[in-house]
Amino acid sequence: MPELPEVESIRRFLSSSGFMTQKVETLLVHHERSFRNESGSELEGAAFTSITRKGKKLFIHLDDGRVLVVHFSMSGTFSLTSSPGPDDIHDRVIFTAGDLRLAFHDPRRFGTIILTDDDSLIRGRLGIDALSSTLSKETLAFLLGEKKRAIKSVLLDQSIISGLGNIYVDEILWAAGIHPLIQASEVPLPSLYLLHSQMRRILMASISLGGTSLGDGESNYHAGGVRGGYYPYLKVFDRDSERCERCSSVIGKIRVAQRGTHYCPSCQPFT
DNA sequence: AGTGGCCCCTGGCGGC
DNA sequence: TGCCGCCAGGGGCCAC
């Protein structure tokens, strides 16, 4: 499930690939719900110019001002191969340009690509990016401090802070010693400041390793078939019933905001 | 403002 | 070994 570090890894991969300087020659949509053209004209003939990211979404900019907005959701990723090539049964949308073939691979079909004239509405619905240089610890404390929901639920809310998903929220809360069910407005200021620094540290560390790949399923491969290397560094996620490396307590698993939630009952007390 | 439920979908896993 | 049934999970939407 691509979160900020995985999407950023895909962005960097695509940015440095030959695809970003190409003119799209063909667009093939195998699954209608995966691709929506909200712009006035066809994609073919437009050229890619650059690729940016906000939260978990990618914005592929075209030379005519339009934008392809990519949301990977649960199981989406890109695979870049040579063209022509065989289509995998889970390739939902395929772009070709020159001798390259970029496939939006999405087994569970939750992901979407939208072609739009104006991405400002989509961008506007997203809260500030979790790694934005303008997200100071004071701003973060302000954004969280007024919310009366469980801190985990607030961190998962993409309209407040964008980019965090289930894996990294669990990791960040463990690193900051905050129980996932504590009301955001009740978290002490020093803890919120610690949350801020740990969030940046963890996200950047994961990006440097290409993100997290779970298990060995194909859906967890990133663009180009490269697996992220952060999984061994996860402290609580997917480690319920193992020992906490800080205090040796048994890591617990509960449900918060309809999500499986991993935490250390000793390092993250509910007070 | 916040919560809870439903839905989308299917690979993977537990149970037998 | 094989089959069946269940479930995770991001996010949009809706009811309360």
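Residues numbered from 1 in each chain as written. Chains lettered and ligands numbered in written order. Predicted model: local features only at pLDDT ≥ 70, side-chain atom pairs only at ≥ 80, totals over all residues. Heavy atoms only, no water.

A. Seen up close, helix H3 (residues 137-145). Along H3, the residues that are buried comprise Leu140, Ala141, Leu143 and Leu144. Projected down its long axis, H3 carries its buried residues within an arc of 165°, all on one side. Taken together, the buried residues of H3 touch strand E10 (128-129), helix H4 (151-156), strand E11 (161-162) and helix H6 (189-208). (Buried < 20%, exposed > 50% of the residue type's maximum accessible area, 1.4 Å probe, protein only. Helix = DSSP H or I, 4+ residues; strand = E, 2+ residues; numbered from the N terminus. Arc of directions from axis to C-beta. Contact = heavy atoms within 4.5 Å.)

B. Summary view of the sheet that holds strand E4 (residues 57-62). Overall, mixed pairing links the five strands, which are arranged E2-E9-E5-E4-E3 in an open sheet. Lying at the two open borders of the sheet, with one neighbouring strand each, are strand E2 (35-37) and strand E3 (48-54). Sheet twist, expressed as the average angle between the axes of neighbouring strands with direction ignored, equals 15°. Judged from the six bridges that link them, E3 and E4 form a sheet pairing that is antiparallel. (Pairing = 2+ DSSP bridges. Axes fitted to C-alpha atoms, helices over the stretch in contact; angles between N-to-C directions.)

C. View of the protein's contact with DNA strand C. Around DNA strand C, the neighbouring residues are Met1, Lys56, His71, Ser73, Met74, Arg108, Phe110, Gln158, Asn166, Arg259 and Gly260. Restricting attention to atoms of DNA strand C within 4 Å of the protein, one finds that 61% of them are sugar or phosphate atoms. At 3.0 Å from a phosphate oxygen of DNA strand C is found a side-chain nitrogen or oxygen belonging to lysine 56. Histidine 71 places a side-chain nitrogen or oxygen 3.3 Å from a phosphate oxygen of DNA strand C. Looking at the surface near DNA strand C, its residues break down into three nonpolar, five polar and three charged. (Near = heavy atom within 4 Å. Polar contact = N/O pair within 3.5 Å; in protein donor to acceptor, adjacent residues only side chain to side chain. Nonpolar A, V, L, I, M, F, W, Y, C, P; charged D, E, K, R; others polar.)

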